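Structural description and commentary
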Amino acid sequence: MGDDHLKIYRAEILHFLDDPAIAGEAESYQYFSDGVLVVKNGRVEAVGPSHELLPNLPAELEVVHYRDCLILPGFIDCHVHYPQTEIVAAYGAQLLDWLENYTFPTEREFSDPNKARRVAELFLDELLRNGTTTALAIATVHETSVDAYFTAARTRRMRMICGKVLMDRNAPDYLLDTPETGYRESKALIERWHGKGRLSYAVTPRFAPTCSDEQLTRAGQLLREHPDVYLHTHLAENLDEVKWVKELFPMCSGYLDVYDHFGLLGRHSIFAHCIHLNAAEFALLHKTGSGIAFCPTSNLFLGSGLFNLTRAENKKVNVGFGTDTGAGTSFSLLQTINEAYKTQQLRGHPLSALKSLYLATLGGARTLDLDGVIGNFEPGKEADFVVLDYRSTPILALRLERCNRLADKLFVLAILGDDRAVKATYVLGKEAYRRGN
Ligand SMILES: [Zn+2]
């Protein structure tokens, strides 16, 4: 008596139940060296050791056995710009020049719906190729750029958050909206997309320097009128930017205070970077339940600085990883872990493999307040997962021969792994990507 909707996957399985920094590493995860993940109608039915689960499952059901592979929950990218896909690896600039020279001219092209559709589709396929199943993404100032993104995400059944950029000053005329049009277009997009299937909307002021007081006031109004939408913006990425914000908002005590002043902090507010913040600002992020997207490849590439993860941990602020492509240099959360490790080495705090894989999965889900539906394999959650291949490159296979402890094995996989390590990606229990042979 088989159940048509039951699917069984067998491999090494790892998922997190809590933050290793809070629960202690040993208590924070479940690991099954020969595990089984049972999926029913796109949701997790059970997870556990194969010798316990397999005897109780209908014998005629096919078991998809991934040998020498590790199944993890789908990766979560908490900050990324889909329209910047084409400007990855643009040479020589720091944040403010980079925006002017590379970003703005490219984003202009997204007024064309065909262009937006083409890049949105390519971008989402690239995420799947890297094992990422959920992202908090920024579109452009154009309403059509968000429509294109959500349409492509809906086709792929991915859980996605996106929003139109609000920007009414300090950018080229061709990319500016106004407080009123920004408000109206965001509202129309919220009504069209927010809460539809797996899609959610984020009110998205680009960052304080490109938004007038009036526009930030309108952003706050949108959050009050739609309390469960997200707020997504940049914060304290670059020292020149921080200085500029002080000049533009002399009435505020600091950068975070600008956003606080306009009512933009809260449980659904995610701030990218947060490199140049003081202890009181971390405390305010914690108090308001706001989250941070830690974007190491971007922070190194633009020379922005080294995020203080230890301080975020001590202040109990929710943190997830962001790739921040195009300023980030890789769509891979594994490569993001690699660079995160190096930034924390320079701060004198080596980042453990368990903590970093937590940040790439359940930590990201918590930051986005989505841990009730994704982020680990608790029964009932949406079955988004990635299959990582321990033998995907000769060096990885060779290096792993010397690893006996789980922590070592995971560390080597995270540091040496990239898109080549992704054997398959599943969305709601269905294969959405498989590496070609
Ligand atoms: Zn960004």
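Residues numbered from 1 in each chain as written. Predicted model: local features only at pLDDT ≥ 70, side-chain atom pairs only at ≥ 80, totals over all residues. Heavy atoms only, no water.

**Description of the nonpolar core**
Within the largest apolar cluster, 114 residues are counted, with the highest numbers of intra-cluster contacts made by Y82 and Y149. In contact with Y149, other than residues within four places in its own chain, are Y82, A120, F123, L124, A135, A137, M160, I161 and C162. With 17 residues, the next largest nonpolar core counts I13, F377, A383 and A424 among its residues. (Core = buried A, V, L, I, M, F, W, Y, C linked by side-chain atoms within 4.5 Å. Buried < 20%, exposed > 50% of the residue type's maximum accessible area, 1.4 Å probe, protein only. Contact = heavy atoms within 4.5 Å.)

**Looking at the packing of helix 14 (residues 353-367) against helix 16 (residues 406-416)**
At their nearest, the axes of helix 14 and helix 16 sit 9 Å apart, and the two run at 55° to each other. As judged from the angle between their axes, helix 14 and helix 16 are oblique. Mapping the contact onto sequence places A353, L354 and L357 in helix 14 and A407, L410 and F411 in helix 16. Residue composition of the contact of helix 14 with helix 16, by class: six nonpolar, no polar and no charged. (Axes fitted to C-alpha atoms, helices over the stretch in contact; angles between N-to-C directions. Helix = DSSP H or I, 4+ residues; strand = E, 2+ residues; numbered from the N terminus. Parallel < 35°, antiparallel > 145°, perpendicular 65-115°, else oblique. Nonpolar A, V, L, I, M, F, W, Y, C, P; charged D, E, K, R; others polar.)

**Things to note about helix 14**
Within helix 14, the axis deviates most sharply at L359, by approximately 50°. Most of helix 14 is tucked away, with 15 of its 15 residues classed as buried. Directly after helix 14, the chain includes D369, whose backbone phi takes a positive value near 55°. (Bend = angle between axes of the 7 residues up to and from the residue.)

**Here we look at the coordination of the zinc ion**
Around the zinc ion, the protein supplies H79 (NE2), H81 (NE2), H234 (NE2) and D324 (OD) as donor atoms, at distances of 2.1 to 2.4 Å. For the zinc ion, the four donor atoms are set out with angles of 85 to 173° between them, so the coordination reads as irregular. All donors of the zinc ion come from a single chain, and their spacing in sequence reads H-x1-H-x152-H-x89-D. One end of the pair, H81, is in strand 5 (residues 75-81); the other, H234, is in strand 10 (residues 230-235), and 153 residues separate them in sequence. One exposure class covers both H81 and H234, and it is buried. (Donors = N, O, S within 2.8 Å, 3.2 Å for Na, K, Ca; no water. Tetrahedral: all angles 85-135°; square planar, octahedral: opposite > 155°, others 65-115°.)

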